[in-house]
Amino acid sequence: IGVVVLALVALASTLPRGTADAGLLDGAEQLVDALLQPAYRDGDHVVFGDHTAAAGSRAKGGGTGGGTYHAGFSTYGDARLGDRYEIRLVDSPGIEAVRPHAAVAVATAAEASGVTLELLDGTVAPTGPRRGQIDIVVARRSPSGGSWLGCGGPWIERGTISSGIIWINPRVFDRPANELANTVRHELGHTLGLAHYEYLHEDRVQSMHPTLFDASDYENGDRAGLRFVGGDRAPV
């Protein structure tokens, strides 16, 4: 999500050979360049892995970014989540300011999806996530172009989300706290398989709206999307 909020998807599970040790900070350029290999792209989305299948088809009723659309949400080609993911904070300037917002978003997403999502204590070195991991890093460069506050998304393998990366631009720390919270929540939604949804659902703006910060939590459309990508494992 960005100032016209760009949330370009940067994807990783098992990173391309040679990038795992490049880092997300000191080696930011190498990692970003490695991720910008040919992939499905549509505006502020880049889907790596099974990008052809993940592109989905545009359906009537709303949304942006070439996703598959449902009532209140859209997804990357209906890719589904696995059973468990570790959310790791990467050692980077200001990362602890992200933690409380990540904790709330992770807990809500876990409840809505029925998938086990665990925010780990401490921080990890900037080596990039592996299968079953989602990394959050504060960095001034990401695969997003233009003016961005957050950038994130999944790596899809045979229709399953294997891992993900979220970049948080330190510029967001100078903005209202609700915008940081919404940015973290929005980008986590991307890594869990949700695409943008720019229309009202039940007369409310959803967290996955591409430009607005109006949602104060995952709304009903977002939650329906999380339940969907979770394989309907969450209790009704």
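Everything below is about the structure shown above.
Residues numbered from 1 in each chain as written. Predicted model: local features only at pLDDT ≥ 70, side-chain atom pairs only at ≥ 80, totals over all residues. Heavy atoms only, no water.

**Describing the pattern of salt bridges**
Pairs can form between side chains of opposite charge whenever their charged atoms are close.
Okay, so step 1: On inspection of all chains with the given rule, the structure shows nine salt bridges.
Okay, so step 2: The closest approach of N and O atoms between Arg 99 and Glu 96, which form a salt bridge, is 2.7 Å.
Okay, so step 3: When its relative accessible area of 18% is taken as the criterion, Arg 99 is described as buried.
Okay, so step 4: Owing to a relative accessible area of 44%, Glu 96 belongs among the partly exposed residues under this scheme.
Okay, so step 5: In this structure, the salt-bridge partner of Arg 227 is Asp 232, at a minimum N-O distance of 3.8 Å.
Okay, so step 6: Classification of Arg 227 as partly exposed rests on a relative accessible area of 22%.
Okay, so step 7: In this structure, a network of salt bridges that share partners links the residues Arg 84, Glu 86 and Glu 118. (Salt bridge = Lys/Arg side-chain N within 4 Å of Asp/Glu carboxyl O. Buried < 20%, exposed > 50% of the residue type's maximum accessible area, 1.4 Å probe, protein only.)

**Brief notes about the environment of Arg 84**
Okay, so step 1: Secondary-structure assignment places Arg 84 in strand β6 (residues 84-89).
Okay, so step 2: A relative accessible area of 41% means that Arg 84 is categorised as partly exposed.
Okay, so step 3: With 78 residues separating them along the chain, Arg 84 and Ser 162 place their C-alpha atoms 9.8 Å apart.
Okay, so step 4: Beyond its immediate chain neighbours, meaning those up to four positions away, Arg 84 contacts Val 115, Thr 116, Glu 118 and Gly 132.
Okay, so step 5: A distance of 2.3 Å separates the side chain of Arg 84 from the side chain of Glu 118, its partner in a polar contact. (Helix = DSSP H or I, 4+ residues; strand = E, 2+ residues; numbered from the N terminus. Contact = heavy atoms within 4.5 Å. Polar contact = N/O pair within 3.5 Å; in protein donor to acceptor, adjacent residues only side chain to side chain.)

**With respect to helix α3 (residues 99-113)**
Okay, so step 1: Taking 1.5 Å of rise per residue, 15 residues should cover 21 Å, and α3 covers 20 Å from first to last C-alpha, within 8% of that figure.
Okay, so step 2: Here α3 has its buried residues at Arg 99, Ala 102, Ala 105, Val 106, Thr 108, Ala 109, Ala 110, Ala 112 and Ser 113.
Okay, so step 3: With its phi angle positive at about 80 degrees, Gly 114 sits one or two positions after the end of α3. (Expected span 1.5 Å × (residues − 1).)

**Here we look at the packing of aromatic side chains**
Okay, so step 1: Counted under the stated rule, the structure contains two aromatic pairs.
Okay, so step 2: Ring centres 5.6 Å apart and planes at 45 degrees place the aromatic pair Phe 73 and Phe 228 in the tilted group. Within this pair, whereas Phe 73 is found in strand β4 (residues 73-75), its partner Phe 228 is found in helix α5 (residues 220-229), the two being separated by 155 residues in sequence. Like Phe 73, the residue Phe 228 is buried in the burial classification.
Okay, so step 3: Where Tyr 197 meets Tyr 199, the ring centres are 6.4 Å apart and the plane angle is 65 degrees; that geometry is what we call edge-to-face.
Okay, so step 4: Judged by its relative accessible area of 5%, Tyr 197 is buried.
Okay, so step 5: Under the relative-accessibility criterion, Tyr 199 is labelled partly exposed at 42%. (Phe/Tyr/Trp six-rings, centres within 6.5 Å; stacked < 30°, edge-to-face > 60°.)

Limitation: the analysis is restricted to geometry and does not speak to function.
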